[in-house]
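Chain and residue survey
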Amino acid sequence: MGKVFWEGSALLAPAPPALVTCGTMEQPNVLTIGWTGIVCTRPAMTYISVRPSRYSYGLIRQTGEFAVNLTPSRLVRAADFCGVRSGAQVDKFALCGLHPLPAKRISAPILEECPVALECRVTESRLLGTHEMFLAEIVGVDVDERYLDSKGRLNLQQCGLAAYAHGEYFALGRKLGDFGFSVRKKKPGREK
């Protein structure tokens, strides 16, 4: 079979249905963002892309801060709701049973229900068309201690994270390997 060509579109998948918190503890808001990722290791940097018509856009522009909360599969319904309803009209925290917690380094809250939160401070933004991209330094990471092993390492597989692909939500599946496994030298006595 051959390939069918389509015009350019946003079809990079899967993506995280990240629950992004913004505003303040006194006036928190949460929205779902699919357009996010890591852009640099040192300094640790991420981005989110937000439509200027969204309520959260103004909050992020005003404070220059937000948190990217990784969404576990059990919160997919909340993530979907937070992506289609506006915090200007409804209290998404109350309606979804979410609880804001104070972050350590930013004024925006993090979510109690999420296993990992990236505390972010905007370094620059750029209007790209339908969305404005907020490039941000990750100034801190909050990790739920129940997902740490005895050596303090994060066991991300136990978090049960969700993924989003082309309009559908998925639970992440089984581990296939870890970074560098394809070139790692085999230990003597191991055949595989």
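Values in this document were obtained by computation on a predicted structure and should not be read as measured data.

Cut-offs applied
- Within any chain, residue numbers begin from 1 and follow the written order of that chain's sequence.
- Reporting in this predicted model follows two pLDDT cut-offs: at least 70 for local features of residues, and 80 or more for side-chain atom pairs to be given and counted; totals over whole chains, interfaces and linings ignore these cut-offs and use all residues.
- Side-chain metrics rest on all non-hydrogen atoms present in the structure, leaving aside hydrogens and water.
- Pairing of aromatic side chains here covers Phe, Tyr and the six-membered ring of Trp, requires ring centres within 6.5 Å, and sorts the geometry by plane angle: under 30 degrees stacked, over 60 edge-to-face, intermediate tilted.
- Under the DSSP-based scheme used, a helix requires at least four consecutive residues in state H or I and a strand at least two consecutive residues in state E, with every element numbered from the N terminus.
- Each residue is assigned to one of three classes by its accessible area relative to the maximum for its type, calculated with a 1.4 Å probe on protein chains only: buried under 20%, partly exposed between the two thresholds, exposed over 50%.
- N or O atoms within 3.5 Å of each other form a polar contact, as long as, within protein, one can give a hydrogen and the other can take it, and as long as residues adjacent in sequence are counted only when both atoms are side-chain atoms.
- Any two residues whose heavy atoms approach within 4.5 Å at even a single point are treated as in contact.

It is worth spelling out the packing of aromatic side chains at this point. Counting across every chain of the model gives two aromatic pairs. Taking the centre distance of 5.8 Å and the plane angle of 50° together, the rings of Tyr57 and Phe134 count as tilted. With Tyr57 in helix H1 (residues 55-63) and Phe134 in strand S9 (residues 132-143), this pair connects stretches of sequence that are 77 residues apart. Classification of Phe134 as buried rests on a relative accessible area of 1%.

Note that Ser73 resides in the loop between strand S5 (65-69) and helix H2 (76-84). The class for Ser73 is partly exposed, based on a relative accessible area of 28%. The spacing of Ser73 and Ser9 is 64 residues in sequence and 26 Å in space, taken between C-alpha atoms. A distance of 3.5 Å separates a polar side-chain atom of Ser73 from the backbone oxygen of Leu161.

It is worth spelling out the environment of Ile60 at this point. Among the secondary structure elements, Ile60 is positioned in helix H1. In this structure Ile60 comes out as buried when scored by relative accessible area, which is 1%. Between the C-alpha atom of Ile60 and that of Thr130, which follows or precedes it by 70 residues, the distance is 17 Å. Excluding residues within four positions of it along the chain, Ile60 makes contact with Cys22, Ile48, Val50, Glu65, Phe66, Val122 and Phe134.

Time to look at the environment of Thr21. Mapped onto the elements of the fold, Thr21 is located in strand S1 (residues 18-23). As for Thr21 and Ile106, which are separated by 85 residues in sequence, their C-alpha atoms are 11 Å apart. Here Thr21 is in contact with Asn29, Val30, Phe66, Ala67, Asn69, Phe93, Ala108, Pro109, Ile110 and Leu111, once residues within four sequence places are set aside. Among the polar contacts listed, one links the side chain of Thr21 to the side chain of Asn69, at a separation of 3.0 Å.

Attention shifts here to unusual backbone geometry. Along the chain, Ala13 connects to Pro14 via a cis peptide bond; the corresponding omega equals 0°. Backbone torsion omega between Arg42 and Pro43 reads 0°, so that peptide bond is classified as cis. As for its placement among the helices and strands, Pro43 is situated in the loop between strand S3 (36-40) and strand S4 (45-50). For His166, which is not a glycine, the phi torsion comes out positive at approximately 50°. Tracing the chain through its elements places His166 in the loop between strand S10 (162-165) and strand S11 (168-171). For His166, a relative accessible area of 63% puts it in the exposed group.

Moving on, we come to the side chain of Lys92. Assignment of secondary structure puts Lys92 in helix H3 (residues 92-96). In this structure the side chain of Lys92 is engaged in a polar contact, spanning 2.6 Å, whose partner is the backbone oxygen of Val30. Engagement of the side chain of Lys92 in a polar contact is seen with the backbone oxygen of Cys82, the distance being 3.2 Å. Residues in contact with Lys92, not counting those within four places in the same chain, are Asn29, Val30, Leu31, Phe81, Cys82, Arg85, Ser86 and Gly87.

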